[in-house]
Amino acid sequence: MIFDFDGKLQVGGNSSYHLTSFDGLTAPDIRTASNNYSGLDGGYVSAQLFGMRDITIDGFYIGKTCADAQDLRIGLMNNLGIRYLFPIRITTFDDRHYYCEGYITDVKSNPDTMRSGEFEISVVCPDPLIYDGGDGQTSDSAWMEQLVHKEIPGGFIIPYELPVQWSAGQPSTLVNNMGTSEAFPIFTLRGVYHNPMIYNITTNKWIKLVYNNPVSSDVIEIDMKERVITRNGVSIMANRTVDSSWFTLQPGNNKLVLITDEADDADYVAMKWKNGFMGI
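Residues numbered from 1 in each chain as written. Predicted model: local features only at pLDDT ≥ 70, side-chain atom pairs only at ≥ 80, totals over all residues. Heavy atoms only, no water.

> What exactly am I supposed to notice about the packing of aromatic side chains here?
Aromatic ring pairs: the centre-centre distance and the angle between the two ring planes describe each pair. Per the stated rule, a full pass over the model turns up eight aromatic pairs. Aromatic side chains F5 and F86 sit 6.1 Å apart centroid to centroid with 85° between the ring planes, which places their arrangement in the edge-to-face category. Of this pair, F5 sits in strand β1 (residues 2-5) while F86 is found in strand β7 (residues 86-91), placing the two residues 81 residues apart along the sequence. By the burial criterion, F5 is buried, and F86 matches it. Seen in terms of ring centroids, Y17 and F119 are 5.8 Å apart; in terms of plane orientation they differ by 85°. Their pairing is edge-to-face. Of this pair, Y17 sits in strand β3 (residues 17-23) while F119 is found in strand β9 (residues 116-125), placing the two residues 102 residues apart along the sequence. Owing to a relative accessible area of 9%, Y17 belongs among the buried residues under this scheme. (Phe/Tyr/Trp six-rings, centres within 6.5 Å; stacked < 30°, edge-to-face > 60°. Helix = DSSP H or I, 4+ residues; strand = E, 2+ residues; numbered from the N terminus. Buried < 20%, exposed > 50% of the residue type's maximum accessible area, 1.4 Å probe, protein only.)

Written out as C-alpha cells, the structure is:
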C-alpha cells in the first residue's frame, strides 16, 4: 500500500517512510438515530447516516546516519501541517488507485534508536467516501465526464414516399455510476438555454432554471453537492424552481435527459462526477 499526501510526503512503496499497518479504509462510522418504544417491545430507527472517516497510518523510518534519521523525523511534522485539506492518493497492493481528502489531526514520532524511529499519522476525512483515483497521479483524473443530450425523435413518417428521408434521433442519456454509493454530479451549460431542465428519469427528480434571456457566452454551473448555481461565476440561485431537487446518481445506470423551451437551444450539457465507494 502507498499513501501519498499531495506529493509532500509518501508512506509505503519506495519511500523512506515504510508502512507497517493502517486502519480506516473500510466502511466509515455509521450514525444511527434510534430509540425505544414507550410501553411497547422493541424500538425504531429513524435514520442512518455516515460520519466522517478516520484514517490511521503506522510506519517506521531508518536513516543512513543519525542526522538523516532526524531529518526524516522532522520531515513528518514539517510536511504534514494543519489547516490544510490534503488530497490523499492511495495505491493498493494490486496497483489500483483511489483518492480521498483529509485533515491531519495528529503526527506522533519518537526516535527509537540513533538512526530509526516509528511514527503514527492520524487523518480525519470530512467526506466519508473513497473515490476512484483515476491514473493515480492527479486528483483531477478521478472525474468521470459525459454529455447529457436532449431527446430528439428520429426515423421516418409512415406512410412514406421513396426514397425514405431518415432523420437521426437522440434518446435519453445513459450514465453509469460505477461506484457503490450515490454520486453528486456537476453540470456545465455553455451557450443558449431557455428555461433548461435536467431530468433524472431513473430517480424521477429534476432541476430546472427559469431563464429566458440567455446569451451565447453564458456559462452556467450547477453543483449538486455544494448546492450552488452560478452564471459566469455569479450566483443565480433565485432562478431555481421550487419543485427542483438536488439529485444524485444512483449506483449503476441512470437515465438523464436535457429539456429546454426552444428548438434552437444547445442540444446537450456537460456533466462530471466521481465514482465513490463506502470502503476498499
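That was the structure; now back to the text.
> What exactly am I supposed to notice about the side chain of S122 here?
With respect to the secondary-structure elements, S122 resides in strand β9. Beyond its immediate sequence surroundings of up to four residues, S122 is in contact with I55, T56, Y103, I104, T105 and D106. (Contact = heavy atoms within 4.5 Å.)

> Any chance you could explain the sheet that holds strand β20 (residues 268-274) here in plain terms?
The strands making up a sheet associate through hydrogen bonds between their backbones, and the pairing can be parallel or antiparallel. In spatial order, the strands read β11-β20-β13-β16-β17-β18; together these six strands make up an open sheet with antiparallel pairing. Strands at the two margins of the open sheet, each flanked by one partner only, are β11 (143-149) and β18 (234-235). Pairing of β11 with β20 involves seven bridges; the strand directions are antiparallel. The partner of L147 across the bridge, within β20, is A270. (Pairing = 2+ DSSP bridges.)

> Even after reading the chapter, I still don't get the pairing of strand β4 (residues 30-36), so can you show me in this structure?
Successive residues of a regular strand alternate their side chains across the two faces of the sheet. The sheet contact formed by β4 and strand β5 (residues 43-50) spans seven bridges and is antiparallel. Note that in β5 the partner of N35 across the bridge is Y44. Between β4 and β5, which pair antiparallel one after the other, the connecting turn spans six residues, and G39 there sits at a positive phi close to 80°.

> How do you make sense of the environment of P214 when you look at a structure like this?
Mapped onto the elements of the fold, P214 is located in the loop between β15 (205-208) and β16 (219-223). Under the relative-accessibility criterion, P214 is labelled buried at 15%. When the C-alpha atoms of P214 and N195 are compared, they prove to be 9.2 Å apart, with 19 residues separating the residues in sequence. Sequence-distant contacts of P214, that is, excluding residues within four places in its chain, are made with V192, Y193 and H194.

> Just checking my understanding: could you explain the sheet that holds β15 for this structure?
Across the sheet, which stays open at both edges, the four strands sit in the order β12-β19-β14-β15 with antiparallel pairing between neighbours. Whereas interior strands pair on both sides, the edge strands pair on one side only; in this sheet they are β12 (173-177) and β15. If you compare each strand with its neighbour and ignore which way they point, the axes differ by 25° on average. Pairing geometry for strand β14 (residues 197-200) and β15, over four bridges, is antiparallel. When the bridges of β15 are listed, N200 appears paired with K205. (Axes fitted to C-alpha atoms, helices over the stretch in contact; angles between N-to-C directions.)

> How do you make sense of the pattern of salt bridges when you look at a structure like this?
Pairing is possible between side chains that carry opposite charge, provided their charged atoms lie close to one another. As enumerated under the stated definition, the model contains five salt bridges in all. Measuring nitrogen to oxygen at the nearest pair gives 3.1 Å for the salt bridge that ties D218 to R231. Taken together, the residues span a long stretch of sequence, with D218 in the loop between β15 and β16 and R231 in strand β17 (residues 228-231) at a distance of 13 residues. (Salt bridge = Lys/Arg side-chain N within 4 Å of Asp/Glu carboxyl O.)

> Please clarify how helix α1 (residues 66-79) should be interpreted in this entry.
Think of an α-helix as 3.6 residues a turn; residues three or four steps apart then line up on the same face. Given a rise of 1.5 Å per residue, 14 residues ought to cover 20 Å, and the 20 Å separating the end C-alpha atoms of α1 matches this to within 8%. For α1, every residue scored as buried is listed here: A69, L72, G75 and L76. Along α1, the residues classed as buried sweep out an arc of 110° about the axis, all on the same side. Within α1, the exposed residues directed more than 90 degrees away from the buried face are D71 and N78. As for α1, its buried residues are in contact with β2 (9-11), β3, β6 (53-62), β8 (97-111) and β9. (Expected span 1.5 Å × (residues − 1). Arc of directions from axis to C-beta.)

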